[in-house]
Amino acid sequence: MIMACITNGSKGLFDPQPDPEHLTVLLLQDVGPQVVSPSLRQFSTKLTSLTTSIDNHIQLLEGSNEVVDVSELQDEWTATM
């Protein structure tokens, strides 16, 4: 009987539980700089490139009566989104 009470099965059973709000803050502190910020920088770079491509295609369309291939522009839009 005495041996049954000396197991590690109840270890930590009565330890204080971590505060969920504190855990949320810790998670967001890691996710922001490591996931969100790099993704936003990457999207911003792609968006700038897409904007330049759109402006270039608009100039081509305005200055010409010929058919302009916009498939590259469509591909770039898809990659950005």
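Here, every reference points to the structure presented above.
Residues numbered from 1 in each chain as written. Predicted model: local features only at pLDDT ≥ 70, side-chain atom pairs only at ≥ 80, totals over all residues. Heavy atoms only, no water.

Trainee: Which parts of the structure should I look at to understand the overall build of the chain?
Mentor: Per the secondary structure count, the chain includes two helices and zero strands. Evaluated residue by residue, the chain yields a buried proportion of 9% over its 81 residues. (Helix = DSSP H or I, 4+ residues; strand = E, 2+ residues; numbered from the N terminus. Buried < 20%, exposed > 50% of the residue type's maximum accessible area, 1.4 Å probe, protein only.)

Trainee: I tried to follow helix 1 (residues 20-62) on my own but got confused; where do I start?
Mentor: Helical geometry note: an α-helix holds 3.6 residues per turn, so side chains three or four residues apart project in the same direction. Along its length, helix 1 shows its largest kink, about 45°, at Gly32, and proline Pro33 lies within four residues downstream of that point. Within helix 1 the residues assigned to the buried category are Leu50, Ser53 and His57. Residues of helix 1 that are buried sit in contact with helix 2 (71-80). (Bend = angle between axes of the 7 residues up to and from the residue. Contact = heavy atoms within 4.5 Å.)

Trainee: How do you make sense of the environment of Lys46 when you look at a structure like this?
Mentor: Its place among the elements puts Lys46 in helix 1. For Lys46, a relative accessible area of 34% corresponds to the partly exposed category. Each C-alpha atom of the pair Lys46 and Ala79 lies 8.2 Å from the other, and the pair is 33 residues apart in sequence. Once you skip the residues sitting within four places of it in the chain, Lys46 turns out to touch Ala79 and Thr80.

Trainee: Teacher, can you tell me more about a nonpolar patch on the surface here?
Mentor: A grouping of Phe43, Leu47, Trp77 and Met81 is seen on the molecular surface, where their side chains present a nonpolar patch of about 420 Å² in accessible area. Take Phe43: it is sitting in helix 1. With a relative accessible area of 35%, Phe43 lands in the partly exposed category. (Patch = residues over 30% accessible without salt bridge, like charges linked within 9 Å, V, L, I, M, F, W, Y side chains within 5 Å. Areas by Shrake-Rupley, 256 points an atom, 1.4 Å probe, with all protein chains shown as cover. Salt bridge = Lys/Arg side-chain N within 4 Å of Asp/Glu carboxyl O.)

Trainee: What's the story with the environment of Glu76 in this structure? I'm lost.
Mentor: Within the element layout of this structure, Glu76 appears in helix 2. Between the C-alpha atoms of Glu76 and Ser53, which are 23 residues apart in sequence, the distance is 8.4 Å. If sequence neighbours within four positions are ignored, Glu76 has contacts with Ser49, Leu50 and Ser53.

Trainee: Would you mind showing me how to read helix 2 here?
Mentor: Leu73, Glu76 and Thr80 are the residues of helix 2 that are buried. Viewed along the axis of helix 2, the buried residues span an arc of 60°, placing them on a single side of the element. Exposed and oriented more than 90 degrees from the buried face of helix 2 are Asp75 and Thr78. Buried residues along helix 2 sit against helix 1. (Arc of directions from axis to C-beta.)

Trainee: I keep staring at the side chain of Thr80 and nothing clicks. Help me out?
Mentor: Of note, Thr80 is situated in helix 2. With a relative accessible area of 6%, Thr80 lands in the buried category. Within the local environment of Thr80, its side chain forms a polar contact with the backbone oxygen of Glu76, the two atoms lying 2.9 Å apart. Filtering out sequence-adjacent residues up to four positions away, Thr80 remains in contact with Phe43, Lys46, Leu47 and Leu50. (Polar contact = N/O pair within 3.5 Å; in protein donor to acceptor, adjacent residues only side chain to side chain.)

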